[in-house]
Amino acid sequence: MRAYRIDILKGILTIQMILAHCIQFYVDMERDRAAFHVSEYINLTTFSGFFFCFGYASCLAYFNKEWRDAAGRLMKNALRLLMGFYLSSFCYVIFVERMPLRMDLVIELLLFRRLGKWSEFLFSFALVMVLECVLFPLFTAKYNRSLLAMAAISILTCLLSYREVGSIPVKDGSMAFVVGSLAGGVNGSYFPVIPYSLYLVAGIYFARKQIGFQKLFMAIACAGTLWHTIDYVWISGQQPSRFPLSVSYLIGAALYVYLYYLLAIALERRESALPVRYLVAVGKNSLFYLLFSNLIIFAVTATKFYKKQMNYSVGLFVVILLVIWYLQGLCRGKTLRQGKN
């Protein structure tokens, strides 16, 4: 069973993540405050939104089946995402950091001792699939209360990792990245899977109950984003901490993710419209879009063929979407011709 609303939502999130990456590479955000705020908003909403999508889609695709029927597909997806992480990470250090061809540096990348930036989120996406496979029984309908418990654990883990209350004893090496990507930490750009699983279990619950607009969930979402706003404006005086992840940052995306979800439901009713079909296509191929856009951005950064300005970043963003759309068309055409033969 495929939910087109989730493909639409993933399409929206994928497009805005590509825009954010273009802005972050090709705009001086200290001078262009508008670009800075656009980037901050996308950072706040996108990763949480993807976790919600993973939960929703996994509930429909896996959690109504037996573990032995779903485990293979979950691990296959985890491997695909891990390969995407490696490819993006290698391209970053080759094109942006200009890493020389040395076997010791290659091994460091393979063992997570050296990391390519703007690629860490892909590793966390892979860990989500592994987590779903390992904890599979807890995600099924047999254990409804486990979702509430996991949501509480997500917030508790976020509190512990943010305050360093015995959270991550590993400071260096491969395990620092793996543990940090699971639970969070203070020594890197971690996208911790356990805290962000708050949105994963929300997606599972929404899929299981087929929830649309409900006043209760709107109130909860508003409360989360309101607290983030209060922290931003009156307590911290700046964006709540993302690295390490704070609870304010974690729950700050709640309203936006819920509104995106409701928008996707509304657009789902117009699935024949060209913009909606485009969003569905992007959502179905979100890994390809995110990975290929990263490769283009990293490659362009290695040249002198760019300017640090908003017009350039938006222009490159449009070009990236057109290039990927064109390449997908070529692949589809080739597949159709082979099928006829």
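Fair warning: this is a prediction, and the values are worked out from it, not measured in the lab.

Criteria and cut-off values
- Residues numbered from 1 in each chain as written.
- Predicted model: local features only at pLDDT ≥ 70, side-chain atom pairs only at ≥ 80, totals over all residues.
- Heavy atoms only, no water.
- Axes fitted to C-alpha atoms, helices over the stretch in contact; angles between N-to-C directions.
- Helix = DSSP H or I, 4+ residues; strand = E, 2+ residues; numbered from the N terminus.
- Parallel < 35°, antiparallel > 145°, perpendicular 65-115°, else oblique.
- Left-handed = near helix turned anticlockwise from the far one by under 90°.
- Contact = heavy atoms within 4.5 Å.
- Nonpolar A, V, L, I, M, F, W, Y, C, P; charged D, E, K, R; others polar.
- Expected span 1.5 Å × (residues − 1).
- Bend = angle between axes of the 7 residues up to and from the residue.
- Buried < 20%, exposed > 50% of the residue type's maximum accessible area, 1.4 Å probe, protein only.
- Disulfide = S-S within 2.5 Å.
- Core = buried A, V, L, I, M, F, W, Y, C linked by side-chain atoms within 4.5 Å.
- 1 Å grid on protein atoms, 1.4 Å probe; cavity = no way out; pocket = protein on both sides within 12 Å on 5 of 7 lines; lining within 4 Å.
- Points joined across faces, edges and corners; volume = space filled by probe spheres on them.
- pLDDT = per-residue confidence, 0-100.
- Patch = residues over 30% accessible without salt bridge, like charges linked within 9 Å, V, L, I, M, F, W, Y side chains within 5 Å.
- Areas by Shrake-Rupley, 256 points an atom, 1.4 Å probe, with all protein chains shown as cover.
- Salt bridge = Lys/Arg side-chain N within 4 Å of Asp/Glu carboxyl O.
- Lys, Arg positive; Asp, Glu negative; His and termini not counted.
- Charge placed at Lys NZ, Arg CZ, Asp CG, Glu CD.
- Phe/Tyr/Trp six-rings, centres within 6.5 Å; stacked < 30°, edge-to-face > 60°.

Asks: Could you clarify how one ought to interpret the packing of helix 3 (residues 67–96) against helix 4 (residues 103–110) in this entry?
Replies: When two helices pack together, their arrangement is given by the angle between the helix axes and the distance between those axes. Close contact between helix 3 and helix 4 brings their axes to 10 Å; oriented N to C, the two are set at 140°. Considered as vectors, helix 3 and helix 4 are oriented oblique to each other. Relative to helix 4, the crossing made by helix 3 is right-handed. Residues Tyr86, Ser89, Phe90 and Val93 of helix 3 pack against Val106, Leu109 and Leu110 of helix 4. Considering only residue class, the contact of helix 3 with helix 4 consists of six nonpolar, one polar and no charged.

Asks: Would you mind going over helix 9 (residues 193–209) with me for this structure?
Replies: Every α-helix carries 3.6 residues per turn, so stepping three or four residues along brings you back to the same face. For helix 9, spanning 17 residues, the distance from its first C-alpha to its last is 24 Å, which sits close to the expected 24 Å at 1.5 Å a residue. Of all bends in helix 9, the biggest is about 30°, found at Tyr199. Burial analysis of helix 9 places twelve of its 17 residues in the buried class, which makes it a mostly covered element. Taken together, the buried positions of helix 9 are Val193, Pro195, Tyr196, Ser197, Leu198, Tyr199, Leu200, Val201, Gly203, Ile204, Phe206 and Ala207. Where helix 9 terminates, the next one or two residues include Gln210, which has phi positive at roughly 50°.

Asks: Is there a simple way to think about unusual backbone geometry in this case?
Replies: Negative phi characterises most residues that are not glycine, and trans characterises most peptide bonds. Residue Phe243 is joined to Pro244 through a cis peptide bond whose omega torsion reads 0°. As for its placement among the helices and strands, Pro244 is situated in the loop between helix 10 (215–235) and helix 11 (247–252). Residues other than glycine seldom take positive phi values, yet Phe112 does so here, at roughly 65°. Examined against the element boundaries, Phe112 turns out to sit in the loop between helix 4 and helix 5 (120–134).

Asks: For this particular structure, what's the right way to read the state of the cysteines?
Replies: Note: disulfide means a covalent bond formed between the sulfur atoms of two cysteine side chains. Scanning the model with the defined rule gives zero disulfides in all. Free cysteine Cys133: the closest other cysteine sulfur is in Cys59, separated by 16 Å. Note on Cys222: no disulfide assigned, nearest cysteine sulfur contributed by Cys53 at a separation of 19 Å. Exposure remark for Cys222: the relative accessible area of 33% places this residue in the partly exposed category.

Asks: Please clarify how the nonpolar core should be interpreted in this entry.
Replies: Residues Leu9, Phe51, Phe52, Tyr56, Phe125, Tyr199 and Tyr261 are the most contacted members of the largest nonpolar core, which totals 116 residues. In terms of residues, this core owes the most to one element, helix 1 (residues 4–26), which gives 14 residues. Dropping the residues within four chain positions of it, Phe51 is found in contact with Phe125, Val128, Val193, Tyr196, Ser197, Tyr199 and Leu200.

Asks: Got a minute to help me understand helix 1 in this structure?
Replies: Under the 1.5 Å per step criterion, the end-to-end length of helix 1 is 33 Å for 23 residues, consistent within 8% with the ideal 33 Å. The buried fraction of helix 1 is high, at 22 of 23 residues.

Asks: What is the right way to look at the layout of surface pockets in this model?
Replies: Gaps left between atoms are located by rolling a probe of water-molecule size over the structure's atoms. Looking at the second largest pocket, its volume works out to about 700 Å³. Along the walls of the second largest pocket sit 21 residues, with Leu198, Ala202, Phe206, Phe217 and Ile220 positioned nearest its centre. Counting only elements with at least two residues in the lining of the second largest pocket, the list comes to helix 7 (144–163), helix 9, helix 10 and helix 12 (254–268). Tallied by class, residues from the lining of the second largest pocket come to 18 nonpolar, two polar and one charged.

Asks: How do you make sense of the confidence of the model for the protein when you look at a structure like this?
Replies: Low-confidence regions, as indicated by low pLDDT, have predicted coordinates that should not be scrutinised in detail. When pLDDT is averaged across the protein, the result is 90; 92% of the residues are at 70 or more. Ignoring residues within four places in sequence, the model shows residues 165–170, a span with pLDDT below 50, making nine contacts including any to other chains.

Asks: Sorry if this is basic, but what is going on with a positive patch on the surface here?
Replies: A contiguous patch of positive charge on the surface is contributed by Lys65, Arg73, Lys76 and Arg80. Structurally, Arg73 is set in helix 3. The exposure class assigned to Arg73 is partly exposed, which follows from its relative accessible area of 39%.

Asks: I'm lost on the packing of aromatic side chains in this one. Help?
Replies: In this description, an aromatic ring pair is defined by two values, namely the gap between the centres and the angle between the planes. Going through the model one piece at a time under the given rule, you end up with 40 aromatic pairs. When the ring of Phe47 is compared with that of Phe191, the centres are 4.9 Å apart and the planes differ by 45°; the resulting orientation is tilted. Separated by 144 residues along the polypeptide, Phe47 in helix 2 (residues 33–61) and Phe191 in the loop between helix 8 (174–183) and helix 9 bring together distant segments of the chain. Taken as a pair, Phe47 and Phe191 share a single burial class, namely buried. Between Phe52 and Tyr56 the ring centres are 6.3 Å apart and the planes differ by 45°, which places this aromatic pair in the tilted class. With Phe52 and Tyr56 both in helix 2 and four residues apart, the pair spans about one turn of that helix. For the pair Phe52 and Tyr56, a shared accessibility class is recorded, and that class is buried.

Asks: Explain the pattern of salt bridges here, please?
Replies: Oppositely charged side chains may form a pair once their charged atoms are brought near each other. Following the criterion strictly, the structure yields three salt bridges and no others. Arg31 is the partner of Asp28 in a salt bridge, and the nearest nitrogen-oxygen pair spans 3.7 Å. Given the relative accessible area of 32%, Asp28 is considered partly exposed. When the shortest N-O distance is used, the salt bridge between Asp104 and Arg102 registers 2.6 Å.

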